[in-house]
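# Residue-level structural notes
Spelled out, the chains give:
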There are 2 protein chains.
Amino acid sequence: MPTKPSPPAFAAAAGRTTIADVAEKAGVSKATVSRFLNRRDELLTPEIATRVESAIAALGYTPSPMAQALKRGRSRLVGLVVADVTNPFSVAVLRGAEKACQEAGYLLMLFNLGDDSQREREAIQALASYHVEGLILNTLGRDAGAAAAVARQGRPVVLVDRRHGNMQADFVSLDNAGAIRTAGAHLLECGWDELLFVTEPSEGVSSREERVAAFRAFLASHPQARGAVFESVAGDSQALERELQQLRARGRRPAVLASNAVITLRVAAAVARLGWNFGEDLGFVGIDETEWAPLVGPGLTTIAQPTDALGRLATACLLERLAGLNVPPRQILLQGELVVRRSSRQA
Amino acid sequence: MPTKPSPPAFAAAAGRTTIADVAEKAGVSKATVSRFLNRRDELLTPEIATRVESAIAALGYTPSPMAQALKRGRSRLVGLVVADVTNPFSVAVLRGAEKACQEAGYLLMLFNLGDDSQREREAIQALASYHVEGLILNTLGRDAGAAAAVARQGRPVVLVDRRHGNMQADFVSLDNAGAIRTAGAHLLECGWDELLFVTEPSEGVSSREERVAAFRAFLASHPQARGAVFESVAGDSQALERELQQLRARGRRPAVLASNAVITLRVAAAVARLGWNFGEDLGFVGIDETEWAPLVGPGLTTIAQPTDALGRLATACLLERLAGLNVPPRQILLQGELVVRRSSRQA
DNA sequence: TTGTAGGCGTTATCAA
DNA sequence: TTGATAACGCCTACAA
């Protein structure tokens, strides 16, 4: 009994077309096809080159990135780990990073932690196992081990918005101190002088800590302003309302500086429940520009983060490292932009 | 001069530890390790099993998914293509899908089109080249070819929210007609009887078309209501304002039904510019629940889509197909939930 | 300039 | 029950 004579043909039909198929069709060796693909410069006979070229076209051949990765150790994959995709800031950064990756011929593999910082190690390992060439991290970095291990393997890591304890890596972020100063100065200029900085509990998130510290520093250097810090926890809206009432009892020109969009949402909800009006009963500036900021109350003044640039720069840093750049960890801080609306209007 | 005697040691240090390292350490063959990993049932000598086990633990070995994918043709990767990550609906679906994937031991590879439908083919090919086992598509499907090719290769495709012309595939979506009926009936009950359905130009997006058609059907079956459809294009806010003014001129109880969150944003902006109040000058219901809906004006009534369930079900469909389920394309329609706020309040 | 052969890390087939 | 060995699709010395 003759065994089936056509296992290769069958395989080709079922699977995708491989370099061997191209080689056969062109009547050359696999090596020649590979060379044609990678280093066209290495003078191939024009005739052979065209033969290979048309075979590739005819078969619609594309190299398998997985096989390439396996062989060369490079995958043209960049891993992006986000603490929470639900966060518009992260999504905006993601888009910037994605564009930059695309332009450089890289593919972005996204891993979302869903705000479960336990999963960070798992995420990094998963990504590493797919041989991502580098990592962009917008995470807590509670578990320094995983990222450090990747870095030690010589794969560059870039941190966005959140530093990781002692990790040595490029870092790209909003200039938090500058943003706070801008916001605070704006509020003061508009006559709001009893300030409350509302933030999520810092829980080790560096950007939150930096913003609080910057706010305190701002107060110290502006004696004409009075201010306090309030940590708003997720479930407890009553505490926030009480705090706002006390704030208003303290001064005639009270204002809130919200440390991010999540807090802005909470403050806006509380203000609605209290029946107050932004820009009259309470001044307001929030970090993070959102599509809905113009629509809440009379419009909310915000500090817009350069999210697209953050994503692009993070990617750029990564690609430079990939290209061999070997300098100490860099820190890139970008300015926020004040978007004035009526929540901070002059008295 | 002796050449370096330890290329393997070096390679192991620089790269990751491989199955060969484990085999060596345990004093067995690679095949045995592989068997231990995959089919523990195939009775291994307990002693060998433990030896392998501890070698794996000692080395911290994890199999390389890429090598596995290369060998078995399966990658434990699911591809998700989104027309626009900026869309909160897509992100919410993404989260649901991601959870389901994680639970099943799959990794989600995200590709974002950035609303550039030209890139769909490119996205699908990129994903396919990484041997994703299946595809979840939340896209226009203008270019039927790419997805169809994947499907033809026996890789399941699931469509979310948007159908693709003639493509035969599982489809998971909001029950658009039901949602429109619910919203319309609610407005009528509350006394709003001069309706305007505002939508983005349909541009071949099936969900948009279905919603418009459902609205027309609703009008036809409710003679007491009067209504019209308005297509709002991205840049032209003036046209929308004019339309709203005409609407209000037509009837004493005018209301808008917004076909999604993008439109809700535009309508809210127009209403703010006109100085109107939702729930007084204009009734309102919008499809898509958002975090900011409670904060705009007196609170916006919405139809919340079961985004998490959509994502999970899409994944479930995919996994069933992967497991060999072979039935004709299914269509899974989920109900939306009416979230009543004051924008639709009774006269 | 082109082809042969070996190996990347796995799994699967076949002997032993 | 275990171990060689040959692929998977690709790249790259090295040889021709």
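Above this text sits the structure in question.
Okay, so let's go over this structure. Please read these numbers as outputs of a predicted model, since none were measured by experiment.

Another point: the interface of chain B and chain A. Counting residues at the interface gives 41 residues for chain B, matched by 40 residues for chain A. Sorting the residues of chain B by area buried against chain A places Met66, Tyr130 and Leu295 of chain B first, and these three jointly supply 19% of that buried surface. Here chain B and chain A share 2 salt bridges between them. Across the pair Asp84 of chain B and Arg95 of chain A runs a salt bridge, and its minimum N-O distance is 3.7 Å. The tally of links between chain B and chain A comes to 6 residue pairs in polar contact (both at pLDDT 80 or more). Elements with a contribution of two residues or more to the side of chain B that touches chain A: α5 (65–72), α6 (88–103), β2 (107–112), α7 (119–129) and α12 (261–274) of chain B. With 6 residues, β2 of chain B is the single largest residue contributor to the side of chain B that touches chain A. Looking at side-chain class alone, the side of chain B that touches chain A contains 23 nonpolar, 10 polar and 8 charged residues.

Let us now look at the protein's contact with DNA strand C. Of all residues adjacent to DNA strand C, which total 27 residues, the nearest are Thr32, Thr45 and Lys71 of chain A together with Ile19 and Tyr61 of chain B. Atoms of DNA strand C within 4 Å of the protein belong to the sugar or the phosphate in 63% of instances, the rest to bases. Here a phosphate oxygen of DNA strand C and a side-chain polar atom of Thr32 of chain A are 2.4 Å apart. One of the side-chain nitrogen or oxygen atoms of Gln68 of chain B is found 2.9 Å away from a phosphate oxygen of DNA strand C. Taken together, the elements giving at least two residues each to the surface near DNA strand C come down to α3 (30–38) and α5 (65–72) of chain A together with α3 (30–38) and α5 of chain B. The dominant element in the surface near DNA strand C, judged by the number of residues it contributes, is α5 of chain B, at 5 residues.

Attention now moves to the protein's contact with DNA strand D. As a matter of local geometry, DNA strand D sits amid 26 residues, with Ile19 and Tyr61 of chain A together with Thr32, Arg35 and Thr45 of chain B nearest to it. The contact atoms of DNA strand D, taken as those within 4 Å of the protein, divide so that sugar and phosphate hold 65%. The separation between a phosphate oxygen of DNA strand D and a polar side-chain atom of Ser34 of chain A is 3.1 Å. Tyr61 of chain A places a polar side-chain atom, nitrogen or oxygen, 2.6 Å from a phosphate oxygen of DNA strand D. Elements that contribute at least two residues to the surface near DNA strand D include exactly α3 and α5 of chain A together with α3 and α5 of chain B.

Scoring rules and cut-offs
Residues numbered from 1 in each chain as written. Chains lettered and ligands numbered in written order. Predicted model: local features only at pLDDT ≥ 70, side-chain atom pairs only at ≥ 80, totals over all residues. Heavy atoms only, no water. Contact = heavy atoms within 4.5 Å. Buried area = accessible area lost by both parts, 1.4 Å probe. Salt bridge = Lys/Arg side-chain N within 4 Å of Asp/Glu carboxyl O. Polar contact = N/O pair within 3.5 Å; in protein donor to acceptor, adjacent residues only side chain to side chain. Helix = DSSP H or I, 4+ residues; strand = E, 2+ residues; numbered from the N terminus. Nonpolar A, V, L, I, M, F, W, Y, C, P; charged D, E, K, R; others polar. Near = heavy atom within 4 Å.

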